Amino acid sequence: MVGIGINVHQRNFDPTLSTPGTSLDLDSGRIIDRQQLLIGLLESLDGETRGLLDPGAEKSIPARLEDASTWIRGRDVEVDGPQACTGITEGLDEHGFLLVRTKTGLVQVQTGGIRDAGVI
């Protein structure tokens, strides 16, 4: 089972959150159509799940993620959770986990929250 949460129209967030909350409406500056969002999301998920059937998916999916994300390589981050650390992202390992180069070595981030180290 897979689950995701997307704040679409929410405007108010609990002020005690460790990182500030936001929504698609707030970030985009316009009102997002939930039906169109759902259609786009389902179409994307369908394409991605079909891609898992490709024999080369084990290598192609992490490479596509890295190409599409500004967070996977060269980003100064703070990680909260079991592998709490601060460092520079260095890509994904062979299992798809984020690697973060810290002052004491390489950390494999398996779970937790990740935020830009320059943002409080």
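Presented here is a report on the structure given in the accompanying data block.

Cut-off values and rules
Residues numbered from 1 in each chain as written. Predicted model: local features only at pLDDT ≥ 70, side-chain atom pairs only at ≥ 80, totals over all residues. Heavy atoms only, no water. Helix = DSSP H or I, 4+ residues; strand = E, 2+ residues; numbered from the N terminus. Buried < 20%, exposed > 50% of the residue type's maximum accessible area, 1.4 Å probe, protein only. Contact = heavy atoms within 4.5 Å. Areas by Shrake-Rupley, 256 points an atom, 1.4 Å probe, with all protein chains shown as cover. Lys, Arg positive; Asp, Glu negative; His and termini not counted. Charge placed at Lys NZ, Arg CZ, Asp CG, Glu CD. Pairing = 2+ DSSP bridges. Axes fitted to C-alpha atoms, helices over the stretch in contact; angles between N-to-C directions. Core = buried A, V, L, I, M, F, W, Y, C linked by side-chain atoms within 4.5 Å.

### Section: the overall build of the chain
Assigned secondary structure in the chain consists of three helices and five strands. Walking the chain from its N terminus toward its C terminus, one meets helices and strands in the order α-α-α-β-β-β-β-β. When the 120 residues of the chain are sorted by exposure, 20% land in the buried category. The contacts in the chain between residues at least 6 apart in sequence include a share of 31% that link residues at least 24 apart. Carbon and sulfur atoms make up 55% of the accessible area of the chain, which amounts to about 9000 Å² in all. Each charge class in the chain can be summarised by its mean position, and for the 11 positive and 18 negative side chains these summaries are 2 Å apart.

### Describing the sheet that holds strand β4 (residues 105–109)
Strand pairing in a sheet takes place through backbone hydrogen bonds and is either antiparallel or parallel in direction. Across the sheet, five strands lie side by side as β4-β3-β2-β1-β5; this open sheet has antiparallel pairing. This sheet does not close on itself; its edge strands, each paired only once, are β4 and β5 (113–116). On average, each strand axis in the sheet is inclined to that of its neighbour by 45 degrees, with strand direction left out of account. By the bridge criterion, four bridges tie strand β1 (residues 73–80) to β5 in an arrangement that is antiparallel. Pairing of V79 across the sheet is with I114, part of β5.

### Some words on the pairing of strand β3 (residues 98–102)
Taken across its five residues, β3 has four buried, putting it largely inside the fold. The pairing of strand β2 (residues 85–92) with β3 spans three bridges and is antiparallel. Along β3, the bridge assignment pairs T89 with V100. Between β2 and β3, which pair antiparallel and follow one another directly, the connecting turn spans five residues, one of which, G96, has a positive phi of 90 degrees. Examined bridge by bridge, β3 and β4 share five bridges and lie antiparallel to one another. Across the sheet, R101 pairs through a bridge with L106, a residue of β4. The turn linking β3 back onto β4 is made up of two residues.

### Some thoughts on the nonpolar core
Grouped together as the largest cluster of nonpolar side chains are eight residues: I72, V77, V79, C85, L92, L98, V100 and V109. Where this core is concerned, the elements lending two or more residues are β1, β2 and β3. Among residues more than four places away in sequence, those in contact with V79 are A84, C85, V100, V109, G113 and I114.

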